[in-house]
Amino acid sequence: MQLSEPVQHPPAHDPRTGRVYVGAGPPSFAPVGSDDPDPFGGVVAFESTDGTVAWRSVTRAPVANPPFVHDGRVHLTTASNSYRDRPRVVAFDQGGTRQWERTDLFTPHFVAGRDGTVFAGDSTDAPRSSGRTLYALAPDGSIEWESEAGDAMGAQLVDGRLLYRAGVQAMAAYDPATGDRHWQREGRALRAPNEPPLVAGGHCFVTPPELDDEGAIIARSVATGAEQWRYDPPWTDNFVPTAVAALPTPADADYSIVCTEYGGTVFALDDTGSERWRFGMEATNNAGPIVGESVYVTDDTATLYALDPADGSERWRQSVPDLAAPIATADGPLVFESSEERSVLLSYGSDGAERWRFESDRFLHEPIVTGNRAYATARDGSVFAFDLS
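To keep things clear, this report deals only with the structure shown in the data block. This one's a predicted model, so the numbers in the text were calculated from it and none came from an experiment. (Residues numbered from 1 in each chain as written. Predicted model: local features only at pLDDT ≥ 70, side-chain atom pairs only at ≥ 80, totals over all residues. Heavy atoms only, no water.)

## Describing the pairing of strand β11 (residues 132–137)
Inference 1: Most of β11 is tucked away: 6 of the 6 residues are buried.
Inference 2: Neither face of β11 is open: one carries Arg 132, Leu 134 and Ala 136, the other Thr 133, Tyr 135 and Leu 137, and all of them are buried.
Inference 3: Two strands pair when backbone bridges link them, and strand β10 (residues 117–122) and β11 are joined in this way by 4 bridges, in the antiparallel orientation. Bridge pairing in β11 links Ala 120 to Tyr 135.
Inference 4: Bridging between β11 and strand β12 (residues 143–149) involves 6 bridges; their strand directions are antiparallel. Looking at the pairing, Leu 134 lines up with Ser 147 of β12.
Inference 5: Hairpin geometry of β11 and β12 is characterised by an intervening segment of 5 residues between the two adjacent antiparallel strands and by a positive phi of about 90 degrees at Gly 141. (Buried < 20%, exposed > 50% of the residue type's maximum accessible area, 1.4 Å probe, protein only. Helix = DSSP H or I, 4+ residues; strand = E, 2+ residues; numbered from the N terminus. Pairing = 2+ DSSP bridges.)

Written out as structure tokens, the structure is:
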């Protein structure tokens, strides 16, 4: 499908209706002197089965973040650099009717939803761990509570807490009913930007609070923020962890996680921080692990590895495009790479055999995967659906 407007973000999928939502419009903050100082945007709802447009609506400014779907509503933040228009937060129902709109929030980023209430925090280009605001918005758009917070970088509702990534260097936990902050601790969350923090066995995982000392992984209690264990590897003096993901629960532990570090080592830890296995890639690593039937990781030689989650042994490897990153699907990984010159999407089976590839000269945003479909948008307004079965 082709929209007349450009698209700056990935789409969103509503499992309740099966629809795919795309927020459109040029970059929210166009260069000074742009020929289009007051650009408009919009949202389009597609039927996921055949791409039919279910409805569309125009917004006063370009959509500034990916759409956020909760409780049958799609929520958008719109913003531009025009002095004539303030940032707006808009909610539409599943039929495309505008439910509410606010202009008194500061470019919020939606991070979670529960029982009709959505949670959104201020999001800026200079993220910090304090001095921003976190909001709980009722189904009618009214503010249920607001609390001091850091920039919104991702969140998860778990064990009666709203676990919130406060900027780049802090983690906090709030009461989702009242907004009371139970705790906040310095330390970088071991997840990609805007991903929810990983929680396993009531623990979340961060680096130490010292900005110049990331040489460990700390498990903190989601309930109290207290340190539960610390992993400081004996096999290197230059340890920079990059990301973590959950592994299938082993028989002899409450949980197990797989971790990557910049030097190219992949390793698994149990619920006490003890190492279960370790695998060395051929080069350094900047991307985190993805867990499906195997653990999928890439290194800077453009190699994709599939590892056995139980013992870390190598099942297979494949050469992939430079800077490609894996995305987990029900049967093998989807590998994605995009640049200004070209975009590539590769589908592999669980045995490592290439099933299909898609190449384009368009800049694609990272696809989302739901069921046996992947959906992707491109900057030029193209919208794609890929069959993964």
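## Focus: the packing of aromatic side chains
Inference 1: Under the counting rule described, the total for this entry stands at 19 aromatic pairs.
Inference 2: Measuring from centroid to centroid gives 6.0 Å for Phe 119 and Trp 145, while their planes differ by 40 degrees, and the two rings are tilted. With a gap of 26 residues between them, Phe 119 in strand β10 and Trp 145 in strand β12 connect regions that are remote in the sequence. Trp 145 shares its class with Phe 119; the two are buried.
Inference 3: For the ring pair Tyr 231 and Phe 239, a centre distance of 6.2 Å and an interplane angle of 80 degrees mean the geometry is edge-to-face.
Inference 4: The exposure class of Tyr 231 is buried, given its relative accessible area of 6%.
Inference 5: Following the ring pairs from residue to residue traces out a cluster consisting of Tyr 231, Trp 235, Phe 239 and Phe 267.
Inference 6: Its end group placed over the ring of Phe 363, Arg 379 keeps NZ or CZ at 3.7 Å from the ring centre. (Phe/Tyr/Trp six-rings, centres within 6.5 Å; stacked < 30°, edge-to-face > 60°. Lys NZ or Arg CZ within 6 Å of the ring centre and 35° of its normal.)

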